[in-house]
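This is what each chain is made of:
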Protein chains: 2
Amino acid sequence: LRRVRLVLEYDGTDFCGFQRQPGRRTVQGVIESLLGQLCGHPVEVTAAGRTDAGVHSRGQVLHFDTEGRIELNRLERVLNVRGGRELRVREPEETPPEFHARFGAVRRTYRYHVSAVKPPPWRARYVLWDERLGPDAAPAMEQALGWLVGENDFASFCAANSSARSTVRTLEAARVEGDPEHGLRVELTADAFLRSMVRIIMALLLEVGEGSRAPDSLRDVLLAADRGAAPKTAPAHGLVLHRVEYPDGYPAQLGAEQLDW
Amino acid sequence: LRRVRLVLEYDGTDFCGFQRQPGRRTVQGVIESLLGQLCGHPVEVTAAGRTDAGVHSRGQVLHFDTEGRIELNRLERVLNVRGGRELRVREPEETPPEFHARFGAVRRTYRYHVSAVKPPPWRARYVLWDERLGPDAAPAMEQALGWLVGENDFASFCAANSSARSTVRTLEAARVEGDPEHGLRVELTADAFLRSMVRIIMALLLEVGEGSRAPDSLRDVLLAADRGAAPKTAPAHGLVLHRVEYPDGYPAQLGAEQLDW
């Protein structure tokens, strides 16, 4: 049995999320079906993060086991040809069986894009258009994020249907770049995220950027440790799983020529 | 009667081309329907270029006449809200009745994107993936284009169903940027283009970039003045109508912060 890992990019717009569901088109379903044809036996993949419907990926990492002896260059090519334009596979490699895409990941980075001006058509699938964002949204959002950085109980930021045993996570870094007119990018890095955590944080940040919530109120939301203290989740399409990191340095950093997402 | 002009960006993927057709979803059909609701009377728009199915626009220009007194900021906002993420309207303004989007345009620029490596999902709707492009595709394509620049009879580069009276056009500028691995961009500027002209030129350039056609053979294709001398058109989705220019300076140049398409 060989264990293989790979990076999977996808446009989440037309998928019913990552996780396999009977009768629905999901990223996992499409990939497992292609891998099954390729390997000649049913394949089950494990992902670093099970992204929700509509969420995109630039850096999702998967692993799977196969009995076959498929060549990795061929695997990459066949997945990329048959997977269509919504998917792209990068950096497939054989890995020791100890590697685990989900439990072995030490750091995840998500990005969320929002713009006060309507984004152009070629960006609109990936950017939330929020006309209410004020001109000083960026510094106010950064101030609000300051209350969340560090090891905290993020119970207020955890979807009600989560099965997590603990709601303590470490938000290692949080920053806001750009401006509302040309597009803002919020980047969050943590050891791990709770279900819907980024989109609940974003829902609060959008209220801050719109001027209807004080930046320092994020402290109260955090201390409440109660999902009811935060508004509902922000729309999925502004969100992208940007990067997952492992102790052995996989995957390679992308070069500057790689377009940002 | 007031004449209004505007810039229209669109993702052509899910449209049956620009031109209105009964029972089909076209860019013109969608825009005329929205404008009709807004103006309270049937509206007919005239475009600088009637792009084919699957071709995108970053700089299409339209004009139309209205009896209504709709405020231009409101027109822009309503078209952008109701038009959805595939469309974006910019720079609407009232113009003298002498302005004509098609006959008044003095210069058109198209861009075509092609990559030897599979493009990432967020670029894949706009970039042709051609694995056969060789590493030296760019200089070979530039050499081939050199034969076409200037005032020429482009009959070999004109779709058979064109209704153009003359097939003489002036290709003012042609350049190739980038490299096959990170993506090539071909940019063509002319006074006007014949039907399918850019995609027929691209079909030849792709053969040149793949190494199956000599760059200098474009001279023979040009001199043949016969559509049969060139291969069929290149795929639509790599093509974008980048810019249309008028003697009065409309539309404004976009700033560098505007993402390239």
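Okay, so let's go over this structure. Note that the structure is a prediction, hence the values are computed from the model and not measured. (Residues numbered from 1 in each chain as written. Chains lettered and ligands numbered in written order. Predicted model: local features only at pLDDT ≥ 70, side-chain atom pairs only at ≥ 80, totals over all residues. Heavy atoms only, no water.)

**Details of the side chain of T66 of chain B**
Residues and elements named next belong to chain B.
Turning to step 1, where the next piece is worked out: Positionally, T66 belongs in strand β3 (residues 56-66).
Turning to step 2, where the next piece is worked out: A distance of 2.9 Å separates a polar atom in the side chain of T66 from the backbone nitrogen of G68.
Turning to step 3, where the next piece is worked out: Beyond its immediate stretch of four places on either side in the chain, T66 contacts L1, R2, V4, C39 and H41. (Helix = DSSP H or I, 4+ residues; strand = E, 2+ residues; numbered from the N terminus. Polar contact = N/O pair within 3.5 Å; in protein donor to acceptor, adjacent residues only side chain to side chain. Contact = heavy atoms within 4.5 Å.)

**A few points about helix α3 (residues 137-146) of chain B**
Residue and element names in this part refer to chain B.
Turning to step 1, where the next piece is worked out: Those residues of α3 that sit buried are A137, A138, A140, M141, A144 and L145. What you see down the axis of α3 is that its buried residues fit within an arc of 165 degrees, all on one side.
Turning to step 2, where the next piece is worked out: Looking at the buried residues of α3, the elements they touch are β8 (168-179), β9 (183-190), α4 (197-210) and α5 (217-224). (Buried < 20%, exposed > 50% of the residue type's maximum accessible area, 1.4 Å probe, protein only. Arc of directions from axis to C-beta.)

**Observations regarding the packing of aromatic side chains**
Turning to step 1, where the next piece is worked out: This structure, assessed with the given rule, holds 10 aromatic pairs over all chains.
Turning to step 2, where the next piece is worked out: Where F99 of chain B meets Y250 of chain B, the ring centres are 6.5 Å apart and the plane angle is 80 degrees; that geometry is what we call edge-to-face. One end of the pair, F99 of chain B, is in the loop between β4 (87-95) and β5 (107-115); the other, Y250 of chain B, is in the segment after β10 (239-245), with 151 residues separating them in the sequence. Like F99 of chain B, the residue Y250 of chain B is buried in the burial classification.
Turning to step 3, where the next piece is worked out: Taken together, F99, Y246 and Y250 of chain A form an aromatic cluster joined through their ring pairs.
Turning to step 4, where the next piece is worked out: Above the plane of the ring of Y250 of chain A lies R5 of chain A, whose end atom (NZ or CZ) is 4.0 Å from the centre. (Phe/Tyr/Trp six-rings, centres within 6.5 Å; stacked < 30°, edge-to-face > 60°. Lys NZ or Arg CZ within 6 Å of the ring centre and 35° of its normal.)

**As for the packing of helix α1 (residues 27-39) of chain A against helix α2 (residues 72-82) of chain A**
All names here are of chain A.
Turning to step 1, where the next piece is worked out: The interhelical angle for the contact between α1 and α2, taken along N-to-C directions, is 135 degrees, at an axis separation of 10 Å. On the basis of the axis angle, α1 is oblique to α2. Crossing geometry of α1 relative to α2 is assigned as right-handed. Judged by residue contacts, L34, L35, Q37 and L38 of α1 engage R74, L75, V78, L79 and R82 from α2. (Axes fitted to C-alpha atoms, helices over the stretch in contact; angles between N-to-C directions. Parallel < 35°, antiparallel > 145°, perpendicular 65-115°, else oblique. Left-handed = near helix turned anticlockwise from the far one by under 90°.)

**What about the interface of chain B and chain A?**
Turning to step 1, where the next piece is worked out: Contacts between chain B and chain A engage 32 residues on the former and 32 residues on the latter.
Turning to step 2, where the next piece is worked out: Here chain B packs against chain A, burying approximately 2,600 Å² in sum over the two surfaces, 60% of which is carbon and sulfur.
Turning to step 3, where the next piece is worked out: For chain B, the biggest contributors to the area lost against chain A are R85, K118 and W122 of chain B; these three give 33% of the whole.
Turning to step 4, where the next piece is worked out: Counting the contacts that link chain B with chain A gives 2 salt bridges.
Turning to step 5, where the next piece is worked out: Between E131 of chain B and R77 of chain A there is a salt bridge; the shortest N-O distance is 2.2 Å.
Turning to step 6, where the next piece is worked out: Counting the contacts that link chain B with chain A gives 10 residue pairs in polar contact (both at pLDDT 80 or more).
Turning to step 7, where the next piece is worked out: Every element with two or more residues in the side of chain B that touches chain A is listed here: β1 (2-10), α2 (72-82) and β4 of chain B.
Turning to step 8, where the next piece is worked out: With 3 residues, α2 of chain B is the single largest residue contributor to the side of chain B that touches chain A.
Turning to step 9, where the next piece is worked out: When its residues are assigned to classes, the side of chain B that touches chain A shows 13 nonpolar, 6 polar and 13 charged. (Buried area = accessible area lost by both parts, 1.4 Å probe. Salt bridge = Lys/Arg side-chain N within 4 Å of Asp/Glu carboxyl O. Nonpolar A, V, L, I, M, F, W, Y, C, P; charged D, E, K, R; others polar.)

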